[in-house]
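Each chain is listed here by its residues.
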Amino acid sequence: MESLKPIRRSPMRIYLGKKYYRSKRYMDWIFGDKKFSVKNEERPLEHQVFTHQTLLLRELKDVDMWLQHNKVKNLKIATQKLNKIVIRPGETFSYWRLLGNTTKSKGYVDGMILHYGKVTTGVGGGLCQLSNLIYWMTLHTPLTITERYRHSYDVFPDSKRSQPFGSGATCAYNYLDLQIKNETNNTYQLIVYLNDTHLVGEWRSEFQPIQTYEVYEREHLITREY
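Counting of residues starts from 1 at the beginning of each chain's written sequence and follows it residue by residue. It should be noted that, the model being predicted, local features are given only for residues of pLDDT at least 70 and side-chain atom pairs only at 80 or more, the latter also being counted only at that level, while totals for whole chains, interfaces and linings use all residues. Hydrogen atoms and water are omitted, and side-chain values are computed over all heavy atoms in the structure.

S.K.: Honestly, the packing of aromatic side chains in this entry has me stumped. Any pointers?
M.R.: Each aromatic ring pair is described using two quantities: the centre-to-centre distance and the angle formed by the ring planes. Pairing of aromatic rings covers Phe, Tyr and the six-membered ring of Trp, with a centre-to-centre limit of 6.5 Å; geometry is then stacked below 30 degrees between planes, edge-to-face above 60, and tilted otherwise. Evaluated as defined, the whole model comprises five aromatic pairs. Each ring, one from Tyr20 and one from Tyr21, has its centre 4.9 Å from the other, and the planes form 75 degrees; the classification is edge-to-face. Both rings, one in Trp96 and one in Tyr173, keep their centres 5.4 Å apart while their planes meet at 90 degrees; by these two values the pair is edge-to-face. Of this pair, Trp96 sits in helix α3 (residues 95–99) while Tyr173 sits in the loop between β6 (144–147) and β7 (179–181); the two residues are 77 residues apart in sequence, bridging distant segments of the chain. Residue burial is assigned from relative accessible area. The probe radius is 1.4 Å, only protein chains are included, and a residue is buried under 20% of its type maximum, exposed over 50%, and partly exposed in between. Look at Trp96 and you get buried, because its relative accessible area is 4%. Grouping aromatic residues by their ring pairs yields a cluster made of Tyr26, Trp29, Tyr95, Trp96 and Tyr173. Secondary structure elements are defined from DSSP: runs of H or I of at least 4 residues count as helices, runs of E of at least 2 residues count as strands, and each element is numbered from the N terminus.

Below is the structure:
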């Protein structure tokens, strides 16, 4: 079995790699042929296509709770950027193009991030919960996911899992992006917000959906490496 543990890189290799891939992404944003979604619509579209919510605070082994409280602060800022964004036919939703870099000047604080299979901290940490939610909801719509990266190494315990393994979408500014293209003739709208206990999301549309989608896991197994 091929190991899913991250390949070890030197600090210099990681630094230069980030610079290279970020520059490449900027070039694609500026000179590429994609038409990106940039506008939001204050009035929610009429029909709900799918909705889902995830718990904001949960006990994680060897993870301080202050990191999760900081994650909530980061999610509040990010959801305000993405809430009510509209994807018209032919447009592409880019998670990082809409959010921008998660800097302290924008109010982001240190949160939990996964770096080479280990839990560490970084400004804007915890936003994978938002990209996970958007990806999971999109699987239940006719929208096309054109770019997505899964977590290659899961260090968290499996506690009350309700979604299939590998159904998340990791994110790292800006080279690990989540992109979704609207290849339909219908306009879609993303709704994301926080309540007291959960991160809540919806996909809404102009027209009543005529299909439903089910995502499930079958015959999975867990193996132990030597």
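S.K.: I'm lost on the pairing of strand β8 (residues 188–194) in this one. Help?
M.R.: A regular strand carries its side chains on alternate faces of the sheet. Of all seven residues making up β8, five are buried, and the element is well covered by its neighbours. Between the antiparallel neighbours β8 and strand β9 (residues 198–205) lie three residues. Following DSSP output, two strands are said to pair if at least two bridges run between them.

S.K.: Help me understand the pattern of salt bridges in this model?
M.R.: Here the idea is simple: oppositely charged side chains can pair when their charged atoms come close. A pairing counts as a salt bridge when a side-chain nitrogen of Lys or Arg comes within 4 Å of a carboxyl oxygen of Asp or Glu. In total, this model carries four salt bridges according to the counting rule given. Its salt-bridge partner being Glu202, residue Arg204 comes within 2.6 Å of it at the nearest N-O pair.

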